[in-house]
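Descriptive structure summary
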Amino acid sequence: MPGEDLQPFRHNQLLKREFERLGLSLEPVFHFTPLDLDLENRRLERLLDFVKRYRKYGSRESMEAVEGEFIYPPIYPGIDPWSDWYRFERWLRGESVREALVNLFPIHEKFLPDEELDDEQIESETQRLIETIEATGNGVCLQEDIPARLVYRNLMQWISEKHELTGPSGGGWYYDGCSGYCPGCFQRPWCETGNSSCWPDDEEAGKIHYTDELKPYVSASPQSLNIISKLQAEEDARFEKWKKENEDEDEKEEGPFLDHES
C-alpha cells in the first residue's frame, strides 16, 4: 500500500526532529544512508536511545556502572572506544568533534607559505613543522629523499584539513601522503610502488605521469612507460600466481563437497 511505502520516510523525519528538539546536529557524528532508510532509521534509533540513556545517568561512569558493562557510543566514524567517547561528549556539549591540526599548534608557532621561504629556510622550517606536528601527538611518515619544499607544501595543506579529534590533545593521525593513486602523488619519483605501477594516465601520456608540482624536480623519459609496463605485468603475474595457490589451498582444506540432503 502507498502509505506503507512512506512509513520509513515518516519515521525518519520523526527521528531527525527528535534530535533537533534535543539541540543536536547529526552531521558531525552520523553517516546518512538515504538509499537505505531502514538502515538509517535503525542507526538513528540506536543513537537516540544512547543519548537519552546517557542524559538520564549523567556520565559515562554512571551509565556503565548501572548497565554493568563497558559500552561506547554508536557514532560515526567509530575509531576506538576512548576517542568515540571523547567526541560523543563534546558533541553533546555543542563543541566541535573535528579540528584542523594547525589549530592545535601553540599560539606562538607560525608557519609561512612555502613561496615566502628561500631554499635555506625551507629545510629548517620543514623540520620545525614536523616537530610541531609530532608535539600534538600526530606524526609524519613519508618516503625518504623528497625535496623539503614538496614536503613542507603538502604538510601545510594537510594540517589545514579537519580531522576527527581523538582526545584532549587531538593526536593519533599520521600523514603518509598516499592516496593510493600514484599519478597524482607528489612522492611518486621516490616511491618503489609508484615507480613500478602502470596506470591509464601513464599510457595516455606515453610515459610515467608526474604532477605539475614535480616538474621542477624530475622529468619522465619515453622509455619509462616500457619500464613500468613490464614491472606492472610482473606484479600482476605474481598476484595471479598467489591467488591461484591460495584458491588451491582453500579447496584442499574444504575437502570434497558432501550433499547433506541426499
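Look up a bit, the structure's there.
Here's what I pulled together on the structure shown here. Model, not experiment: these values are computed from the prediction.

1. As for the overall build of the protein chain
Scanning the protein chain from N- to C-terminus turns up eight helices and four strands. Each helix and strand of the protein chain, ordered N terminal to C terminal, gives the series α-α-α-α-β-α-β-α-β-β-α-α. Whereas a compact globule of 262 residues would reach a radius of gyration of roughly 18 Å, the protein chain reaches 26 Å, over 25% beyond that. With the C-alpha coordinates aligned to their principal axes, the bounding extent of the protein chain is approximately 75 × 65 × 40 Å. The buried share of the protein chain, reckoned over its 262 residues, is 36%. The long-range share in the protein chain, meaning contacts at least 24 apart out of those at least 6 apart in sequence, stands at 59%. With an accessible surface of roughly 16,800 Å², the protein chain has 51% of that area assigned to carbon and sulfur atoms.

2. Some thoughts on unusual backbone geometry
What is expected of a backbone is that most residues other than glycine have negative phi and most peptide bonds are trans. Of note, the amide linkage connecting Tyr76 to Pro77 takes the cis form, showing an omega dihedral of -5°. Relative to the elements of secondary structure, Pro77 occurs in the loop between helix H3 (60-67) and helix H4 (81-92).

3. Quick look at the pattern of salt bridges
In this structure the tally under the stated criterion is 21 salt bridges. Ionic pairing is found between Arg60 and Glu64, a salt bridge with its closest N-O pair at 3.4 Å. Taken as a pair, Arg60 and Glu64 lie in helix H3 at a separation of four residues, close to a single helical turn. Neither Arg60 nor Glu64 differs from the other in exposure class; each is buried. Between Arg128 and Glu125 there is a salt bridge, with the nearest N and O atoms lying 2.8 Å from each other. Of the two residues, Arg128 and Glu125 are both situated in helix H5 (residues 119-135); the distance of three residues between them amounts to about one turn of the helix.

4. A closer look at the packing of aromatic side chains
Counted under the stated rule, the structure contains 13 aromatic pairs. Centre to centre, the rings of Phe30 and Phe32 are 5.0 Å apart; their planes meet at 70°, and the pair counts as edge-to-face. Aromatic side chains Trp85 and Phe88 sit 5.7 Å apart centroid to centroid with 85° between the ring planes, which places their arrangement in the edge-to-face category. On the criterion of helical spacing, the pair formed by Trp85 and Phe88 is a turn pair, its members being three residues apart in helix H4. For the pair Trp85 and Phe88, a shared accessibility class is recorded, and that class is buried. One aromatic cluster is present, formed by Phe50, Tyr54, Trp85, Phe88 and Trp91 through successive ring pairs. A cation sits over an aromatic face here: Arg128 above Phe111, 4.0 Å from the ring centre.

5. Description of the side chain of Arg149
Tracing the sequence through the fold places Arg149 in helix H6 (residues 148-159). Residue classification places Arg149 among the buried positions, given a relative accessible area of 15%. At 2.6 Å, the side chain of Arg149 forms a polar contact with the backbone oxygen of Asp114. Residues contacting Arg149, with those up to four places away along its chain left out, are Asp114, Glu115, Leu117, Asp118, Asp119, Ile122 and Tyr217.

6. Digging into the side chain of Glu125
The class of Glu125 is buried, set by a relative accessible area of 16%. A distance of 2.8 Å separates polar atoms of two side chains, one belonging to Glu125 and the other to Arg128. Excluding anything up to four places from it in sequence, Glu125 contacts Lys110, Phe111, Leu117 and Tyr152.

The rules we used
Residues numbered from 1 in each chain as written. Predicted model: local features only at pLDDT ≥ 70, side-chain atom pairs only at ≥ 80, totals over all residues. Heavy atoms only, no water. Helix = DSSP H or I, 4+ residues; strand = E, 2+ residues; numbered from the N terminus. Rg over C-alpha atoms; globule rule 2.2 N^0.38 Å. Buried < 20%, exposed > 50% of the residue type's maximum accessible area, 1.4 Å probe, protein only. Contact = heavy atoms within 4.5 Å. Areas by Shrake-Rupley, 256 points an atom, 1.4 Å probe, with all protein chains shown as cover. Salt bridge = Lys/Arg side-chain N within 4 Å of Asp/Glu carboxyl O. Phe/Tyr/Trp six-rings, centres within 6.5 Å; stacked < 30°, edge-to-face > 60°. Lys NZ or Arg CZ within 6 Å of the ring centre and 35° of its normal. Polar contact = N/O pair within 3.5 Å; in protein donor to acceptor, adjacent residues only side chain to side chain.

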